[in-house]
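# A look at the structure
The residues making up each chain are set out below.
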Amino acid sequence: MNEDVELRVGAEGTVIRNWSAYEFNSDFTTPTDGWSFHAGESDLRPDDASAIIAGAPVSLYINQYPQATGYIDKIERTAGKSGGIEWTVSGRDVMAGAVDGHIDPRLQFKPNMSLVDIVLKALQPLGRWNDFLAVQEGNEANLAQQTGKKLKFTKSGRVAKKATAAQLKSTINEGAFAFCARVLMRHGLWMWPSADGSRIIIGKPTFDIPSPPAYVLTRRFDGVG
């Protein structure tokens, strides 16, 4: 089965499918996931090229399922070996703003605030989050959105909304993500964005429940597996 990989660019959702290569780098403990797409200019339609601008919102889809949402950071155009123009479009997911932006040192956090309230208050001044920011506990709904499959998990309790935090004073030049991560890690938790970029997920890895992989990748040589 051939996978349909799409990059949807801009508010109009310009869909680009013709790529010579692409990379998506994701690590659970890396604050923001980076991606890079490469294409020849002859593979892009005029409307595609005009939509690819720095700062444009993008969504990465595989087989119509969202995998990540973010922004274009950088666009490079280079001369190819055959004389054509090669495009390289790179960026990061929506958490990049929280990584780049500093937390407002004037914000006040109370010891009895829940972790959800702390994360919301720390990120909302960054602008983009004001429109739709919500917090979701656990990754089940996000994985279902990415794969189209309903996966089973055990219930570990609503940790995020019950927990309170300490050491809530931000430091000078501390990033918004760094502040939230410092508070969450005291409770063994982490945060990451949902695939469609509409929610912040607070949770922790599950190590004690073996589960089959959602997909199997096979690389074949000369038609022989």
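Residues numbered from 1 in each chain as written. Predicted model: local features only at pLDDT ≥ 70, side-chain atom pairs only at ≥ 80, totals over all residues. Heavy atoms only, no water.

## Description of the pattern of salt bridges
By the definition in use, this model includes 10 salt bridges. For Glu6, the salt bridge identified is with Arg8, shortest N-O distance 3.0 Å. Salt-bridge contacts for Arg106 lead to Asp104; the nearest nitrogen and oxygen are separated by 3.1 Å. Residue classification places Arg106 among the exposed positions, given a relative accessible area of 67%. Residue classification places Asp104 among the partly exposed residues on the basis of a relative accessible area of 22%. One salt-bridge network, in which partners are shared between bridges, spans Asp4, Glu6, Arg8 and Arg17. (Salt bridge = Lys/Arg side-chain N within 4 Å of Asp/Glu carboxyl O. Buried < 20%, exposed > 50% of the residue type's maximum accessible area, 1.4 Å probe, protein only.)

## Digging into the packing of aromatic side chains
All chains considered together, the criterion is met by 6 aromatic pairs. Their ring planes at 25° and their centres at 5.5 Å tell us that Tyr22 and Phe37 sit as a pair that is stacked. A residue pair is termed long-range when its members are at least 10 positions apart, and Tyr22 in strand β3 (residues 21–25) and Phe37 in strand β4 (residues 34–40) qualify at 15 residues. The class of Phe37 is buried, set by a relative accessible area of 1%. Ring pairing ties together the aromatic residues Trp19, Tyr22, Trp35 and Phe37, which thus form one cluster. (Phe/Tyr/Trp six-rings, centres within 6.5 Å; stacked < 30°, edge-to-face > 60°. Helix = DSSP H or I, 4+ residues; strand = E, 2+ residues; numbered from the N terminus.)

## Here's the deal with unusual backbone geometry
Look at Gln64: it is not a glycine, yet its phi comes out positive at around 70°. In this structure, Gln64 sits in the loop between β5 (57–62) and β6 (65–79). The phi angle at Asn173 is positive, at roughly 65°, despite the residue not being glycine. Mapping Asn173 onto the fold places it in the loop between α5 (159–162) and α6 (176–185).

## Focus on the sheet that holds strand β10 (residues 200–203)
Read across the open sheet, the 3 strands follow the order β8-β10-β9; overall the sheet is mixed. This sheet does not close on itself; its edge strands, each paired only once, are β8 (135–137) and β9 (190–193). Pairwise comparison of adjacent strand axes, ignoring direction, gives a mean angle of 30° for this sheet. The sheet contact formed by β8 and β10 spans 3 bridges and is parallel. When the sheet's bridge partners are listed, Val135 is paired in β10 with Ile200. (Pairing = 2+ DSSP bridges. Axes fitted to C-alpha atoms, helices over the stretch in contact; angles between N-to-C directions.)

## Description of the environment of Asp73
Following the sequence through the fold, Asp73 ends up in strand β6. Sequence separation of Asp73 and Gly34 is 39 residues, and the distance between their C-alpha atoms is 9.7 Å. Those residues in contact with Asp73 that sit more than four places away from it in its chain are Ala54, Ser90, Gly91 and Arg92. In terms of polar contacts, Asp73 uses its side chain to reach the side chain of Arg92, at 2.7 Å. (Contact = heavy atoms within 4.5 Å. Polar contact = N/O pair within 3.5 Å; in protein donor to acceptor, adjacent residues only side chain to side chain.)

## Some words on the sheet that holds β3
Sheets are built from strands that pair by backbone hydrogen bonding, the pairs being arranged parallel or antiparallel. A sheet is described by the order of its strands in space; here 7 strands give the open sequence β2-β1-β5-β6-β7-β4-β3, paired in antiparallel fashion. Strands at the two margins of the open sheet, each flanked by one partner only, are β2 (14–16) and β3. Adjacent strand axes in the sheet meet at a mean angle of 30°, parallel and antiparallel pairs treated alike. With 3 bridges joining them, strand β1 (residues 5–9) and β2 adopt antiparallel strand pairing. Within β2, the position partnered with Arg8 by the bridge is Val15.

## A word on the pairing of β10
Covered by surrounding structure in β10 are Ile200 and Ile202 together with Ile201 and Gly203, the residues of both alternating faces. In this structure, β9 lies alongside β10, joined through 4 bridges in antiparallel fashion. Across the sheet, residue Trp190 finds its bridge partner in β10, namely Gly203. If you look at the hairpin formed by β9 and β10, you'll find 6 residues sitting between the two strands, and Gly197 has a positive phi there, around 75°.

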